[in-house]
Every structure is written in structure tokens, then in C-alpha cells.
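If you want the building blocks of each chain, they are given just below.
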2 protein chains.
Amino acid sequence: MSSNSTINVYIISDSVGGTASQLGQAAMTQFPDADIKVSAYPFIRGSDTLLSILEKAEMDNAIVLHTLVDKALNETAKTFCQSHELIFFDPLSPIISELEKRSEMAPIQKPGALHLLDETYFNRIKAIEFAVKFDDGRDPKGFLEADIVLLGISRTSKTPLSMFLANQNYKVANLPLIPEAHIPEQIWEVDPKKIVGLTSDREALNSIRRERMITYGMNPDTEYSKLDRIDKELVFAKDLYDKLGCLVINVSKKSIEETAAIIINTLQIEHKKFEQN
Amino acid sequence: MSSNSTINVYIISDSVGGTASQLGQAAMTQFPDADIKVSAYPFIRGSDTLLSILEKAEMDNAIVLHTLVDKALNETAKTFCQSHELIFFDPLSPIISELEKRSEMAPIQKPGALHLLDETYFNRIKAIEFAVKFDDGRDPKGFLEADIVLLGISRTSKTPLSMFLANQNYKVANLPLIPEAHIPEQIWEVDPKKIVGLTSDREALNSIRRERMITYGMNPDTEYSKLDRIDKELVFAKDLYDKLGCLVINVSKKSIEETAAIIINTLQIEHKKFEQN
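Every value quoted in this text rests on a predicted model; they were computed, and no experiment measured them. Residue positions within a chain follow its written sequence, with the count starting from 1. All chains are assigned letters beginning with A, and all ligands numbers beginning with 1, in the order in which they are written. Only residues with pLDDT of 70 or above have their local features reported here, since the model is predicted, and side-chain atom pairs are shown and tallied only from 80 upward, although totals for entire chains, interfaces and linings are computed over all residues. To get the side-chain values, take all heavy atoms of the structure and skip hydrogens and water.

Points about the packing of aromatic side chains
(1) Moving on: The criterion for an aromatic pair is that two Phe, Tyr or Trp rings (for Trp, the six-membered ring) have centres within 6.5 Å, with stacked assigned to planes under 30 degrees apart, edge-to-face to planes over 60 apart and tilted to the rest. Using the criterion set out here, one finds six aromatic pairs over all chains in the structure.
(2) Moving on: Taking the centre distance of 4.6 Å and the plane angle of 55° together, the rings of Phe130(A) and Phe134(A) count as tilted.
(3) Moving on: For Phe134(A), a relative accessible area of 4% puts it in the buried group.
(4) Moving on: With a centroid separation of 5.2 Å and 80° between ring planes, the pair formed by Tyr121(B) and Phe122(B) is classed as edge-to-face.
(5) Moving on: We call a residue buried when its accessible area falls under 20% of the maximum for its residue type, exposed when it is over 50%, and partly exposed in between, using a 1.4 Å probe and counting protein chains only. Tyr121(B) sits in the buried class, given a relative accessible area of 6%.
(6) Moving on: Classification of Phe122(B) as partly exposed rests on a relative accessible area of 37%.
(7) Moving on: Two conditions define a charge located above a ring, namely a distance within 6 Å from the ring centre to NZ of Lys or CZ of Arg, and an angle within 35 degrees of the ring normal. The ring of Tyr224(A) has Arg209(A) lying over it, and the distance from NZ or CZ to the ring centre is 4.6 Å.

Some thoughts on the domain arrangement of chain A
(1) Moving on: Annotation of chain A at the domain level lists domain 1 (7-114) and domain 2 (119-274).
(2) Moving on: Here the C-alpha centre of domain 2 of chain A lies 38 Å away from the C-alpha centre of domain 1 of chain A. Where a domain begins and ends is set by an automatic assignment or by a domain database.

Examining the interface of chain A and chain B
(1) Moving on: On the chain B side, the residues contacting the 80 residues of chain A number 80 residues.
(2) Moving on: Each partner contributes to the roughly 7600 Å² buried at the junction of chain A and chain B, and carbon and sulfur atoms together form 69% of this total.
(3) Moving on: Salt bridge criterion: a side-chain nitrogen from Lys or Arg within 4 Å of a carboxyl oxygen from Asp or Glu. There are six salt bridges connecting chain A and chain B.
(4) Moving on: Lys126(B) is the partner of Glu211(A) in a salt bridge, and the nearest nitrogen-oxygen pair spans 3.5 Å.
(5) Moving on: N or O atoms within 3.5 Å of each other form a polar contact, as long as, within protein, one can give a hydrogen and the other can take it, and as long as residues adjacent in sequence are counted only when both atoms are side-chain atoms. Across the contact surface, chain A and chain B share 16 residue pairs in polar contact (both at pLDDT 80 or more).
(6) Moving on: Counting from the N terminus, the helices are the DSSP runs of H or I reaching at least four residues and the strands are the DSSP runs of E reaching at least two. Of all the secondary structure elements, the ones that give two or more residues to the side of chain A that touches chain B are helix H1 (18-28), strand E2 (36-41), strand E3 (63-66), helix H4 (92-103), helix H5 (119-133), helix H7 (158-166) and helix H10 (256-267) of chain A.
(7) Moving on: Gly is placed with the polar residues, together with every amino acid not listed as nonpolar (Ala, Val, Leu, Ile, Met, Phe, Trp, Tyr, Cys and Pro) or charged (Asp, Glu, Lys and Arg). Of the residues assigned to the side of chain A that touches chain B, the class counts are 44 nonpolar, 19 polar and 17 charged. Any two residues whose heavy atoms approach within 4.5 Å at even a single point are treated as in contact. Buried area: the accessible surface (1.4 Å probe) lost by two parts on joining, summed over both.

Description of the environment of Pro179(B)
Residue and element names in this part refer to chain B.
(1) Moving on: Here Pro179 lies in the loop between strand E6 (172-176) and strand E7 (195-199).
(2) Moving on: Separated by 72 residues in the primary sequence, Pro179 and Pro107 have C-alpha atoms spaced 56 Å apart.
(3) Moving on: Not counting chain neighbours up to four residues away, the residues in contact with Pro179 comprise Arg229, Lys232, Glu233 and Phe236.

Notes on the sheet that holds E3(A)
The pairing of strands in a sheet happens through backbone hydrogen bonds and is either parallel or antiparallel.
(1) Moving on: At least two DSSP bridges between two strands are required for those strands to pair. Taken together, four strands build an open sheet; the order of strands is E2-E1-E3-E4 (chain A) and the sheet is parallel. Only two strands of the sheet have a single partner each, and these edge strands are E2 and strand E4 (88-89) of chain A.
(2) Moving on: Of the strand pairs in this sheet, strand E1 (residues 7-12) of chain A and E2(A) are connected by six bridges, and their pairing is parallel. Residue pairing for E2(A): Val9(A) is matched across the bridge by Val38(A).
(3) Moving on: Across the sheet, helix H2 (residues 47-59) of chain A touches E1, E2 and E3 of chain A, and the angle it forms with E1(A) is around 170°.
(4) Moving on: Angles shown run from 0 to 180 degrees and are taken between the N-to-C directions of axes, each axis being a line fitted to C-alpha atoms and, for helices, limited to the stretch in contact. Across the sheet, helix H4 (residues 92-103) of chain B lies against E1, E2, E3 and E4 of chain A, angled at about 165° from E3(A), the strand it touches most.

This is how it looks when you write it as C-alpha cells:
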């Protein structure tokens, strides 16, 4: 039980609950000052368990957000919430109904269908392993096998961006750019349409590099964080991007999700997340 | 334009579109045999652009799924869809309205509020970098700093699971278990409540390891993939898990999302994804 001013949100799913969680969070972030408590109930497969959660939700006067794809469970939730005047959201059902009408097919009612261990899933696992293996220019062979090659000087979010894109099924290799280091010859063999040059603002890099040095327990004002050093690196990167003719993205005010969306849309590579089997 | 039998789904967002994409995909996976074409339109910030997309949607007789948080854009979409009899779903608005009522606050109407470059975001970036740095037992110091330590023999999804958990803000280190190798002493200093022992079925491991050898262009029937070798490793892992008294999960029929949800729920570690600032 929470205090009166706390808004309780119950996330209920017969699978992982990722869809309901993300939707709930997208709504909640529009109220950064509200006191919202989220309780997650994944893998709910029996009506007894479901009912006991809904009873708790009623005691908490909670907002119920569920993605139950099993019709019987879905009906149980609906009946309980309506008869107990509990506010509930079931964002999947209307979309499923519309697809049912248009496709003239019945939904498989399979919880966790998003998480089938199918070819797409295993390709994603391979993409994640690929990104870890070919992170930080560890093996230049990766550049030739990658769907996307990320280039960037230190602190331009190459690693997290690689992992995020990998989770969307893209094979990503990244290369840190250091003016003193040799550019692997494989880079010149890659189709420039697959290459993304990451850049940032000098002040942003200065501040983030100083912070990094502090984290490492080192003097923040090392060569690494100095503005003239950063300028030298930025010029080196820009020259390389010009020579390659690749897409260039300034990441200084962008999240990895935003940068990833720009990459996918601009490179016009296949939307692998939506691959149908 | 697609053929008559194709169902077109337009995903429209004033930000990345991740929420709408995931919701759309969760619905679509319930119709594995339907011919569904998804078109994504992220970062829509102007009504002219929005209207031209909606006109295209009308020509495609598409289902429109949007998460426009800007009230003016949201209204534009609603008016167009209603007057042109276009089926549309706006899953965020009713949840935002309910939160508005309960919190007595106005939504910030900020597109991409999920992707604020705030403390939670930078902690997530650090968690991803941490997971890459401490993947594969690279540095035993990681075990003491981690929120979650994953143990497992080869091919029990340690790396992709680490990356998935990292993307949910958990600092994860993993250690491959090899009967012949020494277990780093740091493992015994970690709170067993933070440790997860991954295991799998011997046949599943046999098949996945044979496949891995084939990928590497090697003989699939090496020592690595032999059943008696796998049995030896499984016994070694089980003994260690018993000694540690840690949570054990058999991953053979589970996706990384499912395993991650089990870990987060069982270890009862804070739901970092919902951290409010």
C-alpha cells in the first residue's frame, strides 16, 4: 500500500510484459513530477493468480495496464475491472481485433509470441554476439561482415549504440578513431552507405571526458580532455568522413534510440525488427 | 502501394516510435501467417509532414498506430483519421488522460520524453559499457561491482542476456564456466542473491554447439560438442551453483527477455527501468 498521493500502476502480462511496461513508461514520463509506483506482474497464466493480483490492484486503487493475449484471461480481467470499477487499459486487444477482421485469420492467442525462439530471434542473438565481438575495432574482419559500421572518436557512444542496434537485429562493428592510429584498410572496402560517422560538440566531449577521468580517479585535465586535443580529433574524424562520403551524425544532444532511428531511416536498410518469417 | 491482401500498418511518432513499434509488433505476432507491411515514420514534428503521411496511409488503406504526445499533432491525426474513415489507434492518450486526472498535473507534451539525456539515461549507458567491459570474465573486478553476476557454461546465452539486462540499467558481469579453469576468488565474495547460474539441456547444448562449429567451418563433432563433455560441464556448473546457493535458470526454451524477467522478479532487485528522478 502506498500513500494517498501515490498513483499505482499495475503492469500485467501473460508474457514478459515488455510492451505494457514501455507503454506505461512512455505515458509516465509525461509527468516527471508525479509520484507514480509501478508494480510488474509478468508471466500470469492462470485466472486465480490474475484475480489475486487484481484484488490487490483494487486495494491500491491502481491503474491496470495489461497485454493479456489469452482470450479467457483477457475476459477475466475485463469482467473484474468493470464490476469493481477499476480503471484498466488493454491496448493490444483493439489492434488484434482489427488485424483479425482484415486478415480473416484467428489470432494464435500465444503469450510471448514476441519471444518465439525462431530464426529472427537467433539472428538477433547472433547480432548481439557479433557487436560484442567486433566492438572497439577488436577485429577488422568485422567491418566487412557488418550491416552497419560505426566510426567515432572517444565518447561518441559507439558501444552502447552498437548494442542497441544489435538488439534490433543489425550486425554492427565499430571503430574508435585516434589521429595517431592507422585506419584499418578494410574500412575502405566497406560500402559507404553502411558507414556512419559519429561526431559531437567539443564542449560536450570536454565535459564528458573530464567526468570519465574523475570516474577513473585521475586528473580530469589530462591531454585526453583538453579542447585542442578534442579539436584535433574532430578534424581528423571530419576529414575521414568526407573522404568516405558517409552519413555523419552529431550525437551530443541525442539518445542512442534517437541516433539509431536516424541511422535506420537514413541508411534505408531493411527494418529488421519487422521481418516476418 | 501493396497488393490487396497486404495489410498496411503505419507507425507514426513524434519521437523514436519505439513504443508504437513494440505494440504493433506484439499484435502482429499473433497473426504469423498474415501478410502485414509496416512503415515507420519517426520524429514527426510538423502538421504538414503528418498530413502527407496520413494521405499516404489513406491511399494504402492502412491501420494507423501513433504515439503523438503533442496535443496539436495528436488532434490533427484524430481529425484526419475520423473524417477520412481511417482506422487509427492512439494507445498513449487515454493513459496520459488518466494520469493527468489523478496527478492533477498537466503532461509536459514533450516528444521523446522516454529518451531524456538524464541521470537514468547516462546510468544505462554506463551499464551497457560495463557489460561489454566485463563480458566473458574479462576482468574479475567486475563481479564485485555488478548488480547481477551471470555464470554459465558455453552457449547458455550469457552475453546477449548481459546486454539485454544492461539496457534495463543493470550492471552485469558474466563468467564462462570451464571445468578446467580456476573460478576467480571474487565470485565467493559476491552476495549469492546477486548471482544467477544459467544451465540448459544437454541435447540443446549439443545441437547449438555443433551448429557453432559448422559456422566456424570446423568439424561439428569435436570434443566441445560431445555429450559426455557437455555432461561433465553441466555437473561442474551444478556443483558450483549448489555451493553458491544461487538462483538457477534453465535457458533451453527461454528467450533472453523471458530469462531477464525471471531474474529481475526473483532476485527482487529494484526495477531500475522505472526509477523516477
